[in-house]
Amino acid sequence: MQISESLSGLLAQMNPKQQSMVAEMIDFYMKQYKSLRDGNNAESVSSAIHDAIEQAMIEAVENEKSEKPSCGKGCSFCCYMKTDISDDEAVLLTEYSKEINFKIDYDYLKKQLVSKDEDYMKLKLSERKCVFLDKEGACSVYQHRPMACRKLIVVSDKNKCDTEKNNGAQVKRLASVEAESISAAVLNTRKSGGLAEMMIKAKN
């Protein structure tokens, strides 16, 4: 089963019973997703999933008393990392881009076609930037940003996220078991891959 690095870290801290409960949670969400997808289109289902993850992360922030998010508008270090999305999310982003008249640069996306995260980080910084990141460092599709982006909330010094100046720095993230389980359920139910790969496939 495909799970994120964050969920893997959370599971490592759990006892067998807790791990079993998380596995059951993922299985539950997979069944829920399949049921929703049978009667609805990719856009509406992805939007619903995004809302659920958003709510889970809001609750995680509210429950965290000692550390506060250091992320903010214009802070876009994470937008230079490889992001995995589902095929449904690719459809949603494609349709929303048309709606807001955002022209997706597919030639640029082809430069980002790598299979491994480490290969992505070997690209030039200018070639790693998310295709949806604007000149001001803001997300052009923020309303419908992928699950991976919604789950990424940093609580350590945001400058540690700068892979050019602080490559290898330990970045502390806020994690939600529920958000990670929902995301894992989607990525294991639908076809998924790097944003560049999935966006190009959605176009064809």
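Quick note: structure is the one above.
Let me begin by describing the structure that accompanies this report. (Residues numbered from 1 in each chain as written. Predicted model: local features only at pLDDT ≥ 70, side-chain atom pairs only at ≥ 80, totals over all residues. Heavy atoms only, no water.)

**Thoughts on the packing of helix α3 (residues 42–63) against helix α9 (residues 177–189)**
The cut-off we apply is this: Axis angles are defined between N-to-C directions and span 0 to 180 degrees, where every axis is a line fitted to C-alpha atoms and, for a helix, only to the segment in contact. Here a strand is any run of E in DSSP of at least two residues, a helix any run of H or I of at least four, and the numbering for each starts at the N terminus. Geometric relationships in this document are graded by angle, where less than 35 degrees denotes roughly parallel, more than 145 denotes roughly antiparallel, 65 to 115 denotes roughly perpendicular, and other angles denote oblique. For any helix crossing, the convention is left-handed if the near helix is rotated counterclockwise from the far helix by under a right angle, and right-handed if that rotation is clockwise. Two residues qualify as a contact provided that any one of their heavy atoms is within 4.5 Å of a heavy atom in the partner residue. Note on residue classes: Ala, Val, Leu, Ile, Met, Phe, Trp, Tyr, Cys and Pro are nonpolar, Asp, Glu, Lys and Arg are charged, and everything else, Gly too, is polar.
Where α3 meets α9, the closest approach of the two axes is 8 Å, and the angle between their N-to-C directions is 160 degrees. Overall, the two elements α3 and α9 adopt an arrangement that is roughly antiparallel. In this structure, α3 crosses over α9, and the sense of that crossing is left-handed. For the pair formed by α3 and α9, the contact residues are Ile49, Ala52, Ile53, Ala56, Met57 and Glu59 on the first element and Glu178, Ala179, Ile182, Ser183 and Val186 on the second. The residue makeup of the contact of α3 with α9, split by class, is 8 nonpolar, 1 polar and 2 charged.

**Notes on the nonpolar core**
The tendency in soluble globular proteins is for nonpolar side chains to be buried side by side. The condition is simple: Side-chain atoms within 4.5 Å are what join buried Ala, Val, Leu, Ile, Met, Phe, Trp, Tyr and Cys residues into a set we call a nonpolar core. Remark: exposure states derive from per-residue accessible area (1.4 Å probe, protein chains only) relative to the maximum for the residue type, with buried under 20%, exposed over 50%, and partly exposed in between.
Judged by nonpolar contacts, the single largest core of 16 residues is most densely connected at Ile85, Ile104, Leu109, Val131, Phe132, Leu195 and Met199. Elements represented by at least two residues in this core include exactly α4 (87–99), α5 (106–110) and α10 (195–203). Here the element with the most residues in this core is α10; it accounts for 5 residues. Contact partners of Met199, with chain neighbours within four places excluded, come to Ile85, Ala90, Leu93, Thr94, Ile104, Tyr106, Leu109 and Phe132. Ranked by size, the runner-up nonpolar core spans 15 residues in total, among them Met57, Met147, Val186 and Leu187.

**Some words on unusual backbone geometry**
Positive phi, close to 60 degrees, is recorded for Asn101, a residue that is not glycine. Structurally, the position occupied by Asn101 is in the loop between α4 and α5. The exposure class assigned to Asn101 is exposed, which follows from its relative accessible area of 70%.

**Looking at the pattern of salt bridges**
Operational definition: Every case where a carboxyl oxygen of Asp or Glu lies within 4 Å of a side-chain nitrogen of Lys or Arg is listed as a salt bridge.
Considering all chains together, one arrives at 13 salt bridges under this definition. The shortest N-O distance in the salt bridge between Glu67 and Lys172 comes to 2.9 Å. Of this pair, Glu67 sits in the loop between α3 and β1 (84–86) while Lys172 sits in the loop between β2 (153–154) and β3 (173–174), and the two are 105 residues apart along the sequence. A salt bridge links Lys122 to Asp119, with the shortest nitrogen-to-oxygen separation between them at 3.8 Å. Residue Lys122 is classed as exposed on the basis of its relative accessible area of 67%.

**Examining α10**
Burial in α10 covers these residues: Leu195, Ala196, Met198, Met199 and Ile200. On its buried side, α10 packs onto β1, α4, α5 and β4 (192–194).

**Side note on the packing of aromatic side chains**
As a reminder, the rule being used: Side-chain rings of Phe, Tyr and Trp (the six-membered ring for Trp) are treated as a pair once their centres are within 6.5 Å; stacked means planes under 30 degrees apart, edge-to-face means over 60, and tilted covers the remaining angles. For a ring to carry a charge above it, either NZ of a lysine or CZ of an arginine must fall within 6 Å of the ring centroid while also lying within 35 degrees of the normal to the ring plane.
Summed over all chains, the structure comprises 2 aromatic pairs. Ring centres of Phe28 and Tyr29 lie 5.4 Å apart, and the angle between their planes is 65 degrees; on these two criteria the pair is classed as edge-to-face. Judged by centre distance (5.5 Å) and plane angle (40 degrees), the rings of Phe102 and Phe132 are tilted. Of the two residues, Phe102 is situated in the loop between α4 and α5 and Phe132 in the loop between α7 (125–128) and α8 (147–151); the sequence distance between them amounts to 30 residues. Look at Phe102 and you get partly exposed, because its relative accessible area is 22%. Look at Phe132 and you get buried, because its relative accessible area is 1%. The lysine or arginine in question, Arg145, covers the ring of Tyr142, its NZ or CZ lying 3.8 Å from the ring centre.

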